[in-house]
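What follows is the residue order along each chain.
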Amino acid sequence: MQWSKLMEQIYQFLGSIAQLATEGLAYLSVLGEQVLQFVLNLLGQMGVPESQRLMVAYAACYAVVTLLLLFLVWRMIRRRIRPRKKNEVEKRDEDIAADSTPAEMPTVAEPEVVTVEVPTLSLFERMKAGLSKTQSALLGRVDALFSSSSAVDADFLEELEEILITADFGMKTTQLLLNAFKQRVADEKTEGAAQLRIILKEEVLRLMTLNVAPLDIERDGPFVLLVIGVNGVGKTTTIGKLAQQYTQQGKKVILGAADTFRAAAADQLSVWGERAGVTVIRHEEGSDPAAVAFDSVKAAVARNADILILDTAGRLHNKVNLMEEMKKIHRVMGREIPQAPHETLLVLDATTGQNALVQARLFKEAVGITGIAITKLDGTAKGGMAVAIGAELNLPVRFIGIGEGIDDLRPFDPEMFVDALFENH
């Protein structure tokens, strides 16, 4: 009897569970149909064709269920791994604490400091390194020609002419060198590669040695240096390096940003002014350059400056405008400081070769430049253009750039230049 009642209770319990399961499945079925209908309506709003909506809905539901299952599996695995890692870390810490005592701590020797002395290059060595590309293009071929030729004949002179033109000496300068070289060889009856090399070196130096007074910045009142040059030649960088060098020499320098034509020229000059710790006089972009020059001169006089460096535009597309602009700047500065500007410096890019010579000729005709600064000589094999400028235009090279450092902008020494150019490796 008791067994029958127990079985009846079990059957009732199982029936209740079955009823609940049936109701739950019915509810899930209704919910599934509602979800499916919602997805189908959403797909319809998204523009999915009716014939494909059911397939897309099933695929989406399958993807969601799969992601949920993967998430649950990941959570279960993470819960099992985390306590294990925690136990391992605690055990490792206990082992370290048990094995390590203050007396047993190893003594770590302090690393030995090794001082590496970087060799300081002399000025001549820096000059030689800066001219290495020009030297390789010129000297190697010259030495090979001199060593292989038995006489200075027409073939010899023709090959030497090609070498010099390739090194950007220019046609006119090359002819001057060849004529002088040929005459000296005939007069002195020179033989041997070494003697021929000496003659060529001496003739190059002769062309570069001009009867021009050196740049003298020592004077009563500010020395005014007017700098011009086309975009991209390194004009502003040259001004910045000069400002730093003069400041290091104890000179009081003021910079004037009169290149109001080029965008951001005044900003670039201001950056160099901050590096050098000098004052920069500037106006708004597009202002009258002569007005900037006037304010710069006034500031240089009022503040007892030693040197005023004025950055100006170098626009060759219209020489008439350039000449008128420069004449106005000259008049403005000359009224405040006698004979100002005392030097008009044209900055040229050595990598442009003979184009730099053309620029120098045009600027000389337009504004009457008095000196040249050649930049980027270390990046080109066209260093012969420095010789051509002196020989053809009778213009002194005041500064040359043989590197990116501040000290790599050097006052030009023709003798050192030629020695470095013809120095054996």
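Parameters at a glance
- Residues numbered from 1 in each chain as written.
- Predicted model: local features only at pLDDT ≥ 70, side-chain atom pairs only at ≥ 80, totals over all residues.
- Heavy atoms only, no water.
- Helix = DSSP H or I, 4+ residues; strand = E, 2+ residues; numbered from the N terminus.
- Buried < 20%, exposed > 50% of the residue type's maximum accessible area, 1.4 Å probe, protein only.
- Polar contact = N/O pair within 3.5 Å; in protein donor to acceptor, adjacent residues only side chain to side chain.
- Contact = heavy atoms within 4.5 Å.
- Patch = residues over 30% accessible without salt bridge, like charges linked within 9 Å, V, L, I, M, F, W, Y side chains within 5 Å.
- Areas by Shrake-Rupley, 256 points an atom, 1.4 Å probe, with all protein chains shown as cover.
- Salt bridge = Lys/Arg side-chain N within 4 Å of Asp/Glu carboxyl O.
- Pairing = 2+ DSSP bridges.
- Right-handed = clockwise from strand over helix to strand, strands pointing away.
- Axes fitted to C-alpha atoms, helices over the stretch in contact; angles between N-to-C directions.

Turning our eyes to something else, we now look at the side chain of His342. As for its position among the elements, His342 is in the loop between helix 11 (319–336) and strand 5 (343–349). Look at His342 and you get buried, because its relative accessible area is 17%. One polar contact links His342 to Arg219, side chain to side chain, over a distance of 3.2 Å. Only 3.1 Å separates the side chain of His342 from the backbone oxygen of Pro338, close enough to count as a polar contact. The contacts of His342, once residues within four sequence positions are left out, are Arg219, Pro222, Phe223, Val224 and Ile337.

Another aspect to go through is a nonpolar patch on the surface. On the surface, a nonpolar cluster with roughly 520 Å² of combined accessible area is contributed by Ile10, Tyr11, Phe13, Leu14 and Ile17. Mapped onto the elements, Phe13 comes out in helix 1 (residues 2–45). Residue class for Phe13 comes out exposed when judged on its relative accessible area of 53%.

Of all the 7 residues making up strand 5, 7 are buried; the element is thus mostly covered by neighbouring parts of the structure. In strand 5, alternate side chains face the same way, and those of Glu343, Leu345, Val347 and Asp349 on one face and Thr344, Leu346 and Leu348 on the other are all buried. Pairing geometry for strand 1 (residues 223–228) and strand 5, over 4 bridges, is parallel. The residue bridging Val227 from the neighbouring strand is Leu345, located in strand 5. As defined by bridge partners, strand 5 adjoins strand 6 (residues 371–375) across 5 bridges and the pair is classed as parallel. Across the sheet, Leu348 pairs through a bridge with Ile374, a residue of strand 6. Crossover strand 5 to strand 6 through helix 12 (residues 354–367) is right-handed.

Spatially, 3-2-4-1-5-6-7-8 is the arrangement adopted by the 8 strands of the open sheet, whose pairing is mixed. The sheet is open, and its two borders are formed by strand 3 (279–281) and strand 8 (409–411), each paired with just one other strand. Between one strand axis and the next, the sheet turns through 25° on average, direction left out of account.

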